[in-house]
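One letter stands for each residue in the lines below.
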Amino acid sequence: MKMKDFASRLTAGIACAALVFGLTLPAKAAAPAETIRVGSYKGNSLDVGERSGLIIGPSGTEYTVTSSAPDTVAVEQVAGFWVAVAKSEGTAEITAANRAGESGTLTLTVGTAVDHAAPTSTDTEGQPENLDVRQELIQLINQTRMANGAAELPVSEALMTAAQACSDQHYTYHHNQEECEAVIAAGYSHGFGSNLTVFTGVATADTAQHALDNWIKSLGHFQAMIDPKCDSIGVGVTESGGVTYCYMFVGRPDTINPYG
């Protein structure tokens, strides 16, 4: 059977398309929202030569991003997204500001290099784990959430790691236990929601939009995306042999992972 669009076969009811595990727990009081949020895909600690995408919210706004110590952590734009580049050991404060003068900050610490010869090219090709596509997908999901009355979600390094690990397995349907174990192993200790879509014949430039469109068309996937009870998000994108695998994990702190 020719593989045209697996996403059309992944209906809302298949194997927990919106995967939420739960014994409901008391919800924690929400912390006051910052004016501008700045996060790092790989967390607040980097090695010399490492690159990490920056997630800045609210989305849909133009930001100017600067580093307090460019010789320690430089910032640059790659395919329209901001990336932090660890240059030398030390600490740097990354500031994102909009045209209204509002700003948010993130402190990054750079440690010993794993490989001092690590490339620092700004080319999008060869960036780790489809960095630009994953950034775009998170941005599109957050825009969809806002358009449907839900808050934007900050990026969870743990959920990013787990989602990428699952997409790298080339799953064409949900593997509940494996997904739960990946989330626990990555360091997110609560329950979560999960979306998966698989498709062929789509250029990298269209990957994020195609994944979003597939999830919007499926009620279960759509509800998982806009769930107001989520606290964070992570996505994984793997392209192999002309097939693209996209995962979304959204954290649900009011539920329990049964494999935790």
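Structure's up top.
This section reports on the structure supplied with the text. Predicted model, so just to flag it, every value in this text is computed and none were measured.

1. Section: the packing of helix α2 (residues 157-167) against helix α3 (residues 176-186)
Phase 1: In the contact formed by α2 and α3, the axes pass within 8 Å of each other and the chain directions differ by 140 degrees. As judged from the angle between their axes, α2 and α3 are oblique. The interaxial crossing formed by α2 with α3 has right-handed handedness. The segment α2 lies against α3, with A158, L159, T161, A162 and C166 engaging E179, A182, V183 and A186.
Phase 2: Within the contact of α2 with α3, the residues separate by chemical class into seven nonpolar, one polar and one charged.

2. A short note on the environment of F81
Phase 1: When you line up the elements, F81 lands in strand β6 (residues 81-86).
Phase 2: With relative accessibility at 15%, the residue F81 sits in the buried group.
Phase 3: Apart from the residues within four sequence positions on either side, F81 is in contact with E76, D132, Q135, E136 and Q139.

3. Describing the sheet that holds strand β7 (residues 90-97)
Phase 1: The strand order across the open sheet formed by four strands is β2-β8-β7-β4, and the pairing between neighbours is mixed. Edge strands, defined here as strands with exactly one partner in the open sheet, are β2 (45-47) and β4 (64-67). Taken pair by pair, the neighbouring strands of this sheet meet at an average axis angle of 30 degrees, ignoring direction.

Thresholds applied
- Residues numbered from 1 in each chain as written.
- Predicted model: local features only at pLDDT ≥ 70, side-chain atom pairs only at ≥ 80, totals over all residues.
- Heavy atoms only, no water.
- Axes fitted to C-alpha atoms, helices over the stretch in contact; angles between N-to-C directions.
- Helix = DSSP H or I, 4+ residues; strand = E, 2+ residues; numbered from the N terminus.
- Parallel < 35°, antiparallel > 145°, perpendicular 65-115°, else oblique.
- Left-handed = near helix turned anticlockwise from the far one by under 90°.
- Contact = heavy atoms within 4.5 Å.
- Nonpolar A, V, L, I, M, F, W, Y, C, P; charged D, E, K, R; others polar.
- Buried < 20%, exposed > 50% of the residue type's maximum accessible area, 1.4 Å probe, protein only.
- Pairing = 2+ DSSP bridges.

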